[in-house]
Amino acid sequence: MAARAVVVVAAGSGTRLGLGTAKAFVPVAGERMLVRALRTVLSLAEPTLVVVVAPADRMDECRALVAEVAGAASEYMTVVPGGADRHASVQAGLAVLPDSVATVLVHDAARCLTPASQFERVFAAVESGDAVESGDAVAGGVGVVPALPVTDTVKRVAGDVVVETVDRSALVGVQTPQGFPLAALRRAYAVAERAETDDAGVFQAAGGVVRTVPGDADAFKVTTRWDLGRAEAVVAERAGVRSVDPRVDVRVGLGVDVHAFDPDVPCRVGMLDFPGEPGLSGHSDGDAVAHAVCDALLSAGGLGDIGGRFGTSDPRFAGASGDVFVRGAVELLRDAGLEPVRVTVQVIGNRPRIGARRDEMQDALAAAVGAPVAVSGTTTDGLGFTGRGEGLTAIATALVRSR
């Protein structure tokens, strides 16, 4: 059994981000924050137990996502529901770890670009920390936080009046993961006041000593839409895609799909369910949007079409969700040495109305494509079969490039 563990806190609602979904499930450049955070942990050299603290209402989705990311390392992964606040969520994650774990790191999934080197620094510092004599308080090691120096001038104010300039030489900004001896952190949380804002505060309030190691500028927390844009820019910078390199093979594909309405089946469009709306007929779930995206990706790669790759004669695809076809197309692209860069989709029809759920649909499609997806909708002013409300059309374009 591994002696190290990481608790990944991913239960936050993402209210300040304002995208209507749990923050850890929001894509950054096409890949969800939680996925990016887990990929980093999985790159660590030493076997590490991972506990993901997930939103209580998305447990099945989170378990499937974690299993997909972990692959052969799934036995090291556990998913537990979060609590009413971060304090309760961290406690839930700590509670399921075996006592054989010596060192635990607590990490926010929203700091999804934190490099693996920062995890290694924190682990090493905790494991080399001297025992602390602190009476009846926390003992048996030190807590460690990654920190960056404060570079802005800091003022103390009273209302809008500046009182004094604070000496910033003794100030730092702290990040995650924050590391501790597991037994000591459990004892600290057992006696902590919930007013503490981070794990180091909990540990220190219980008498523990907290030390710092150098942080990393890329380990910032995605809290606002500006942060999200910044994170996407960092990913682009890392990938070297600020501009199109003429040596990179870039291709464009087009996909179109049409399905008639069938009131006897559930309505699923753009990988979202629309209760109360008539569904779309088809051998699979009839998701015209997902099917158009699949065809656009295959077209861009010169890999045929959805009918040829996932035909109706194959019983495996009877009733399959659109996610199956999109991910299948991405896999075929990968096998051909290609990867998606961006996808756009236009939905043509009177219903279902997608405007209020556009962001949610873009997130769901982007998670399957692994790249940003833009969705728009329009009608035909009553003309044609879509105008008469007989069915739905989706047109997608995809940009892919060589890997």
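Residues numbered from 1 in each chain as written. Predicted model: local features only at pLDDT ≥ 70, side-chain atom pairs only at ≥ 80, totals over all residues. Heavy atoms only, no water.

Once that is clear, we can look at the packing of helix H1 (residues 33-42) against helix H2 (residues 59-70). As a packed pair, H1 and H2 sit with axes 10 Å apart at the nearest point and diverge in direction by 40°. Put simply, H1 runs oblique to H2. Relative to H2, H1 is oriented so that their crossing is right-handed. On the side of H1, the interface is formed by Leu 34, Val 35, Leu 38, Arg 39 and Leu 42, while H2 contributes Cys 62, Leu 65, Val 66, Val 69 and Ala 70. Of the residues in the contact of H1 with H2, the class split is nine nonpolar, no polar and one charged. (Axes fitted to C-alpha atoms, helices over the stretch in contact; angles between N-to-C directions. Helix = DSSP H or I, 4+ residues; strand = E, 2+ residues; numbered from the N terminus. Parallel < 35°, antiparallel > 145°, perpendicular 65-115°, else oblique. Left-handed = near helix turned anticlockwise from the far one by under 90°. Contact = heavy atoms within 4.5 Å. Nonpolar A, V, L, I, M, F, W, Y, C, P; charged D, E, K, R; others polar.)

With that settled, the discussion passes to the pattern of salt bridges. For side chains bearing opposite charge, pairing can occur when the charged atoms are close. A full pass over the atoms with the stated rule returns 20 salt bridges. Here Arg 4 ties to Glu 120 by a salt bridge, and the two come within 3.4 Å at their closest N and O atoms. Taken as a pair, Arg 4 in strand E1 (residues 4-9) and Glu 120 in helix H4 (residues 116-128) lie far apart in primary sequence, 116 residues in all. A salt bridge links Glu 360 to Arg 357, with the nearest nitrogen and oxygen atoms 3.2 Å apart. Residue class for Glu 360 comes out partly exposed when judged on its relative accessible area of 39%. (Salt bridge = Lys/Arg side-chain N within 4 Å of Asp/Glu carboxyl O. Buried < 20%, exposed > 50% of the residue type's maximum accessible area, 1.4 Å probe, protein only.)

Looking now at unusual backbone geometry. Here Thr 176 and Pro 177 are connected by a cis peptide whose omega angle stands at 5°. With respect to the helices and strands, Pro 177 occurs in the loop between strand E10 (172-174) and strand E11 (178-181). Residue Pro 352 follows Arg 351 across a cis peptide bond; omega there is -5°. As for its placement among the helices and strands, Pro 352 is situated in the loop between strand E17 (338-348) and helix H11 (358-369). The phi torsion at Met 271 lies on the positive side, around 70°, for a residue other than glycine. Mapping Met 271 onto the fold places it in the loop between strand E14 (268-269) and strand E15 (272-273).

Among the structural elements, Asp 295 can be located in helix H8 (residues 288-300). Buried and without a salt bridge, Asp 295 has Arg 309 as its closest oppositely charged side chain, separated by 9.2 Å. Those residues within four positions of Asp 295 in sequence are excluded, and the remaining contacts are Leu 254, Gly 255, Val 256, Asp 305 and Ile 306. (Lys, Arg positive; Asp, Glu negative; His and termini not counted.)

Interpretation note: all reported values are geometric properties and have no functional meaning in isolation.
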